[in-house]
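Observations on the three-dimensional arrangement
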Amino acid sequence: MLKPKALSEVLAQVTNGGIQSTVLLTRDGALLAYSGFEAKDAKIIAAMASSIFAAHQRVRQTPGAALPQNVVGSGDLNMILLDAEEGKMAIAAVATQLVCMVSKTNVQLGMLKAKMDALSSYLQEPLRQVSQSNN
């Protein structure tokens, strides 16, 4: 069973140093836990992250668009990094869920990726166990 308060506390540990919000969501965009922005904004971020990740998955799985191995775009999609005018976003697959971080523009993509890698590694096993127990 996921404990939203405990998850929010874990997410809060990485929501600093220019990271404005960290959100845990289902692949369908349902908000599971968040830290940073208000709930309304966290729901919007969850919807955006889910849509972006799903769009990339659909493109990669289009019939007839087989990609040879060892080229950009082959293999599993694990993380998306976005650099926009008003901030940066990282979206990562963790077990059967997604984690999204939103940062200010002054945060380096390398730092955003490093924080996402650390959080993803920390959450991978507990979320995998929860997803297996739900099957």
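This text follows the structure it describes.
Read on for a plain summary of the structure. Model, not experiment: these values are computed from the prediction. (Residues numbered from 1 in each chain as written. Predicted model: local features only at pLDDT ≥ 70, side-chain atom pairs only at ≥ 80, totals over all residues. Heavy atoms only, no water.)

Helix and strand counts for the protein chain come out as three helices and five strands. For the protein chain, the N- to C-terminal ordering of α and β elements is α-β-β-α-β-β-β-α. Within the protein chain, buried positions represent 36% of all 135 residues. Surface summary for the protein chain: the accessible area is close to 8000 Å², and the carbon and sulfur share equals 54%. (Helix = DSSP H or I, 4+ residues; strand = E, 2+ residues; numbered from the N terminus. Buried < 20%, exposed > 50% of the residue type's maximum accessible area, 1.4 Å probe, protein only. Areas by Shrake-Rupley, 256 points an atom, 1.4 Å probe, with all protein chains shown as cover.)

Before going further, it helps to spend a moment on helix α3 (residues 109–133). For α3, built from 25 residues, the straight-helix expectation of 36 Å at 1.5 Å per residue is met to within 8% by its first-to-last C-alpha distance of 35 Å. Of all the bends in α3, the greatest, near 40 degrees, is centred on Q124, and the proline P126 appears no more than four residues after it. Buried-residue contacts for α3 involve α1 (4–14), β1 (19–26), β3 (79–84), β4 (87–94) and β5 (97–103). (Expected span 1.5 Å × (residues − 1). Bend = angle between axes of the 7 residues up to and from the residue. Contact = heavy atoms within 4.5 Å.)

Take the environment of E86 next. Locating E86 in the fold gives a position in the loop between β3 and β4. Along the chain, E86 and K104 lie 18 residues apart, while their C-alpha atoms are 7.1 Å from each other.

With that settled, the discussion passes to α1. Along α1, the positions that sit buried rather than exposed are L7, V10, L11 and V14. All buried residues of α1 project into a common sector of 95 degrees when viewed along the axis, lining one side. Turned more than 90 degrees away from the buried face of α1 sit K5 and Q13, all of them exposed. Elements in contact with the buried residues of α1: β1, β2 (31–35), β5 and α3. (Arc of directions from axis to C-beta.)

Let us look at the side chain of S21. Among the secondary structure elements, S21 is positioned in strand β1. Classification of S21 as buried rests on a relative accessible area of 0%. Within the structure, S21 has its side chain in polar contact with the backbone oxygen of S35 (distance 3.1 Å). (Polar contact = N/O pair within 3.5 Å; in protein donor to acceptor, adjacent residues only side chain to side chain.)

Our focus in this paragraph is the sheet that holds β3. On the basis of which strands lie adjacent, the open sheet formed by five strands has the order β2-β1-β5-β4-β3 and antiparallel pairing. Because the sheet does not close on itself, it has two edges, and the strands there are β2 and β3. Averaged over all pairs of adjacent strands, the angle between strand axes in this sheet comes to 15 degrees, irrespective of strand direction. The pairing of β1 with β2 spans four bridges and is antiparallel. Residue pairing across strands places T22 opposite S35, the latter belonging to β2. Sheet strands touched by α3: β1, β3, β4 and β5. Its angle to β4, the strand with the most contacts, is close to 25 degrees. (Pairing = 2+ DSSP bridges. Axes fitted to C-alpha atoms, helices over the stretch in contact; angles between N-to-C directions.)

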